[in-house]
Amino acid sequence: MTNDNNKIINDNHANNINHMNDLSWLLAMGVDECISDMPINQYETAAIKLNIATNSNVRINPTISKKQFVGMVDAVAASKKIANESNSLDELQQSINKFDGCGLKQTAGNTVFGGGLKNADIMIIGGVPDNDDDKSGQVFSGEAGKMLDLILSFIKINRGNAYFSNAIYWRPPGRRSPTNSEIAICQPLLLRQIGLVSPKILISIGRLPANILFNNSESIKKMRGKWQELLLVNKNIAVMAILDPVILPKTPMDKSLIWADILMINQRLQQLNIKLDC
């Protein structure tokens with residue numbers, strides 16, 4: 001009987017280790033909540049907005065634990081504080097490098113802030129860092145960046161006369177999309193970064209940056225091909241969302257759409273008398 005009891009204890013111990021290994025793998029892949037047997041209305045979960053910290057009438061969704069909710073509210077408040085207290089891009093970058101409020105930082109290789117001409121008339125914003133960016137800590141550093149550089153070169157936009165950044169500063173694990181909480185935490189930092197650059201034209205690469213800036217969920221096909229105005233720090237910034245050039249090898253038929261948007265951007269450059277000499 002003693003041998004049988006020892007076998008049961010050893011089996012349970014081994015199972016516990018296996019379960020812990022499974023949980024560790026799930027956390028590394030970005031799983032941050034349990035899923036019940038009952039369906040969850042994800043649209044309600046996604047309805048958390050940036051003003052939740054000050055709105056006493058906000059209804060907390062029962063699928064979100066109180067601890068998660070409070071943690072996210074604190075992180076958004078800390079993000080806003082950093083944004084409000086940063087008076088230069090260097091200060092903002094230093095503060096973001098020290099900021100631990102976004103869980104994405106725990107699994108990312110590097111914080112990818114941005115780079116280029118700091119007072120540029122043109123700002124280009126991508127979605128999230130890709131694998132190359134995550135390894136190097138530099139924005140648009142891999143093959144996707146080379147493709148973007150080639151497209152922009154036709155209208156003389158480059159790293160020397162424009163500012164480049166991502167909407168999210170850390171690469172999500174497992175190539176997943178950032179959660180609404182992660183977006184809410186990064187949004188004040190992104191808006192402050194845009195305000196410090198103070199561009200006349202902002203180009204959103206793909207839908208995510210435009211979704212974040214305009215608080216919508218529209219597809220890139222609906223947003224592209226038209227100018228939108230972003231009011232920021234008492235300044236109107238012209239925003240154009242374009243298809244991500246990285247998709248061209250898989251969908252070459254979209255080349256004409258990207259080219260049409262590039263021509264519209266070039267026309268606006270001429271209208272605003274923006275000179276791109278370098």
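## What to know about the packing of helix H8 (residues 180–197) against helix H9 (residues 207–214)
Consideration 1: Packing of H8 against H9 leaves a shortest axis separation of 10 Å and a crossing angle of 90°. Considered as vectors, H8 and H9 are oriented roughly perpendicular to each other. Note on element contacts: H9 touches H8 through Leu 208, Ile 212 and Leu 213, opposite Ile 183, Gln 187, Leu 190, Leu 191 and Ile 194.
Consideration 2: Taken together, the residues of the contact of H8 with H9 break down into 7 nonpolar, 1 polar and no charged.

## A few points about the sheet that holds strand S6 (residues 235–242)
Consideration 1: The 6 strands lie next to each other as S1-S3-S2-S4-S6-S5, forming an open sheet whose pairing is mixed. Either end of the sheet is taken by a strand with one partner, and the two such strands are strand S1 (114–116) and strand S5 (227–232). Each neighbouring strand pair of the sheet contributes to a mean axis angle of 25°, computed without reference to strand direction.
Consideration 2: Where strand S2 (residues 122–126) meets strand S4 (residues 201–205), 4 bridges bridge the pair, whose relative direction is parallel. Bridging across to S4, Ile 125 finds its partner in Ser 204.
Consideration 3: Sitting on the sheet, helix H11 (residues 255–271) touches S2, S4, S5 and S6, and the angle it makes with S6 is about 160°.

Parameters and conventions
Residues numbered from 1 in each chain as written. Predicted model: local features only at pLDDT ≥ 70, side-chain atom pairs only at ≥ 80, totals over all residues. Heavy atoms only, no water. Axes fitted to C-alpha atoms, helices over the stretch in contact; angles between N-to-C directions. Helix = DSSP H or I, 4+ residues; strand = E, 2+ residues; numbered from the N terminus. Parallel < 35°, antiparallel > 145°, perpendicular 65-115°, else oblique. Contact = heavy atoms within 4.5 Å. Nonpolar A, V, L, I, M, F, W, Y, C, P; charged D, E, K, R; others polar. Pairing = 2+ DSSP bridges.

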